[in-house]
Amino acid sequence: MLHSMAFPALLPVSVSGVRKQTPWVHTEHYSQLVTPPTSTRMLLSLGAMKPLLGKPHETVAVSRSLATVINRYRRRPTTVIGNEVMGPDVAIAHRRLDPREIKMIGVGGLIDRKGPLQAVDTMMELRRRGVDASLTWVGEGELGAEARARAAAGGAESHLRLTGHLHPDVISRELANSDLFLLPVETETFGVALAEALNHGLPVVTTGSGGHLEFLPPAASRVVADRASKPLADAVQHLAADPGLWASDEIAEYAADRFAPESRRDGYRAVYARAQQQVFPS
C-alpha cells in the first residue's frame, strides 16, 4: 500500500509507475485547489497537474467542497475524511458565555488570509460598545507589527496579546482559558483551528468559505459574510446573547463526536480495502 498526501506528491508517484502493482491512496488538503490562483503561473501549473488527481486508486479529501473539485478529474468518487483534530487534556467544564466580558482567541498565521487585523478591529469595536473584550492571537507572520500598531492607536494595546508560535499543548491551554474563538478567514480547506476550538468548548465567530462551513453548528457559531469589524462585532454580541447558545460542555460533546479519531480510523480502513481490491481482486 502506498499512501501519498497533498497535491505536490502526485507527480513523482504518477511517473514512478507504482500504480500498476501497488494500491495507491492519496489524501488531499491543498488549499490552492479551492482558492483562486494568485498568478498566471499558478493557474497554468494547477491546470497541468489537476488531471493527476485521477491517477490514485482511491482519493480522500478533508472536506466536501474539496471533494467536489477533485471529482471533476476522477471516475471513482472521492471519500471525505476530515483532518485529525486536537482535543483538550481535561474535561470541559459547564459554563456559559458572558456577553459583558469576552476573552477572544484566534489561531493562525499573522497573514491577511487569516484575518488578524480584522480580529483586532473587532476587539476594539466591542470595547467601544462597552464590552470588556480582549484578544489573544496564536501564530506568526508579517502582520504582527501592524496588529500591535492598530491596537495601540485605538487605546487597546493592553487588551491584545500576540503569542507567536506555540506548542500544541500550550495552544490547548490557551483555548481552554478563552471564551470565544474569532477567525475572520477568507477560506479554509478544512479548518483545523476552528474544529479544535469547538473541541475545547468554544463558540465560534468566523467568515469565508470552505470546509469549516460543513461542521460549524448553528447553536455554537456565527458565519459572517463581511470580514469588517462591525458585522463581526454584531455576530459576537448576537451569539453571546442567544438563549439557545450551547454551554461549553455541550459544544465539546458535539465536537468530540464529530471529530472522533475512531471515525477517521474506520474511514481509512475502508478506503485501504477498496484500493487493495482494485489491484488484488479476490
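Look a little higher up for the structure.
Residues numbered from 1 in each chain as written. Predicted model: local features only at pLDDT ≥ 70, side-chain atom pairs only at ≥ 80, totals over all residues. Heavy atoms only, no water.

*Asks:* Describe the pattern of salt bridges, naming the residues involved and giving the relevant values.
*Replies:* Pairing between side chains becomes possible if they bear opposite charge and their charged atoms approach one another. In the structure shown here, the tally under the stated rule is 15 salt bridges. Note that Arg129 and Asp234 form a salt bridge whose closest N and O atoms lie 2.7 Å from each other. With Arg129 in the loop between helix 4 (116–128) and strand 6 (132–138) and Asp234 in helix 8 (residues 229–241), this residue pair connects regions lying 105 residues apart in the sequence. For Arg129, a relative accessible area of 31% translates into the label partly exposed. A relative accessible area of 31% places Asp234 in the partly exposed class. In this structure, Asp266 and Arg265 form a salt bridge, with 3.1 Å as the shortest nitrogen-oxygen distance. Since its relative accessible area comes to 40%, Asp266 is described here as partly exposed. The exposure class of Arg265 is partly exposed, given its relative accessible area of 41%. A cluster of three or more residues bridged by salt bridges with shared partners is formed by Glu125, Arg128, Arg129 and Asp234. (Salt bridge = Lys/Arg side-chain N within 4 Å of Asp/Glu carboxyl O. Helix = DSSP H or I, 4+ residues; strand = E, 2+ residues; numbered from the N terminus. Buried < 20%, exposed > 50% of the residue type's maximum accessible area, 1.4 Å probe, protein only.)

*Asks:* I'd like a rundown of the sheet that holds strand 2 (residues 24–28), residues and numbers included.
*Replies:* Pairing is parallel in the open sheet, where four strands are placed in the order 1-2-3-4. The sheet is open, and its two edges are formed by strand 1 (2–5) and strand 4 (79–80), each paired on a single side. Pairing analysis gives four bridges linking strand 2 to strand 3 (residues 58–61), with the strands arranged parallel. Bridging from a neighbouring strand, Glu28 pairs with Ala61 of strand 3. Lying over the sheet, helix 3 (residues 64–71) contacts strand 2, strand 3 and strand 4, oriented at roughly 145° with respect to strand 3. Along the sheet, helix 10 (residues 261–279) makes contact with strand 1, strand 2, strand 3 and strand 4, crossing strand 3 at roughly 160°. (Pairing = 2+ DSSP bridges. Contact = heavy atoms within 4.5 Å. Axes fitted to C-alpha atoms, helices over the stretch in contact; angles between N-to-C directions.)

*Asks:* Explain the packing of helix 4 against helix 5 (residues 144–153) residue by residue, including any values.
*Replies:* Packed helix pairs are specified by the crossing angle of their axes together with the interaxial distance, meaning the distance between the axes. In the contact formed by helix 4 and helix 5, the axes pass within 9 Å of each other and the chain directions differ by 15°. Viewed along their axes, helix 4 and helix 5 adopt a mutual orientation that is roughly parallel. Crossing handedness for the pair helix 4 and helix 5: right-handed. Taking contact as the criterion, the partners of Leu117, Val120, Asp121 and Met124 in helix 4 are, on helix 5, Glu146, Ala147, Arg150 and Ala151. (Parallel < 35°, antiparallel > 145°, perpendicular 65-115°, else oblique. Left-handed = near helix turned anticlockwise from the far one by under 90°.)

*Asks:* A description of the sheet that holds strand 6 should follow, citing residues and the corresponding values.
*Replies:* Taken in spatial order, the six strands make up an open sheet running 7-6-5-8-10-12, and their pairing is parallel. Strand pairing shows two members of the sheet lacking a second neighbour, strand 7 (160–164) and strand 12 (221–224), which therefore form its edges. Each strand of the sheet is rotated relative to its neighbour by a mean of 20°, with strand direction disregarded. In terms of strand pairing, strand 5 (residues 101–107) meets strand 8 (residues 180–183) through two bridges, oriented parallel.

*Asks:* Can you lay out the packing of aromatic side chains for me, pointing to particular residues and giving the numbers?
*Replies:* Evaluated as defined, the whole model comprises six aromatic pairs. Plain terms: the ring middles of Phe190 and Phe215 are 5.2 Å apart, the flat faces sit at 45° to each other, and that makes the pair tilted. Separated by 25 residues along the polypeptide, Phe190 in the loop between strand 9 (187–188) and helix 7 (192–199) and Phe215 in the loop between strand 11 (209–210) and strand 12 bring together distant segments of the chain. The exposure class assigned to Phe190 is buried, which follows from its relative accessible area of 7%. (Phe/Tyr/Trp six-rings, centres within 6.5 Å; stacked < 30°, edge-to-face > 60°.)

*Asks:* Mind laying out unusual backbone geometry, listing which residues take part and the relevant values?
*Replies:* Across residues other than glycine, the phi torsion is negative in most instances, and most of the peptide bonds are trans. Although it is not a glycine, Ala6 sits at a positive phi angle of roughly 80°. Note on placement: Ala6 falls in the loop between strand 1 and helix 1 (10–16).

*Asks:* Give me the lowdown on the side chain of Ser172, citing residues and values where you can.
*Replies:* Relative to the assigned elements, Ser172 resides in helix 6 (residues 168–176). Apart from residues no more than four positions distant in its own chain, Ser172 is found in contact with Met86, Gly87, Pro88, Asp89 and His200.

*Asks:* A description of helix 7 should follow, citing residues and the corresponding values.
*Replies:* Think of an α-helix as 3.6 residues a turn; residues three or four steps apart then line up on the same face. Counting buried positions over the eight residues of helix 7 gives seven, a clear majority of the element. By the burial criterion, the buried members of helix 7 are Ala193, Leu194, Ala195, Glu196, Ala197, Leu198 and Asn199. In this fold, the buried residues of helix 7 make contact with strand 5, helix 6, strand 8, strand 9, strand 10 (204–207) and helix 9 (248–258). One or two steps after helix 7, the chain reaches Gly201, where phi turns positive at roughly 80°.

*Asks:* I'd like to hear about the pairing of strand 8, residue by residue, with values.
*Replies:* Judged by which residues are buried, strand 8 turns out to be covered on both faces: Leu180 and Leu182 on one side and Phe181 and Leu183 on the other are all buried. Both strand 8 and strand 10 contribute to a ladder of three bridges, which runs parallel. Looking across to strand 10, one finds that Phe181 is bridged to Val204.

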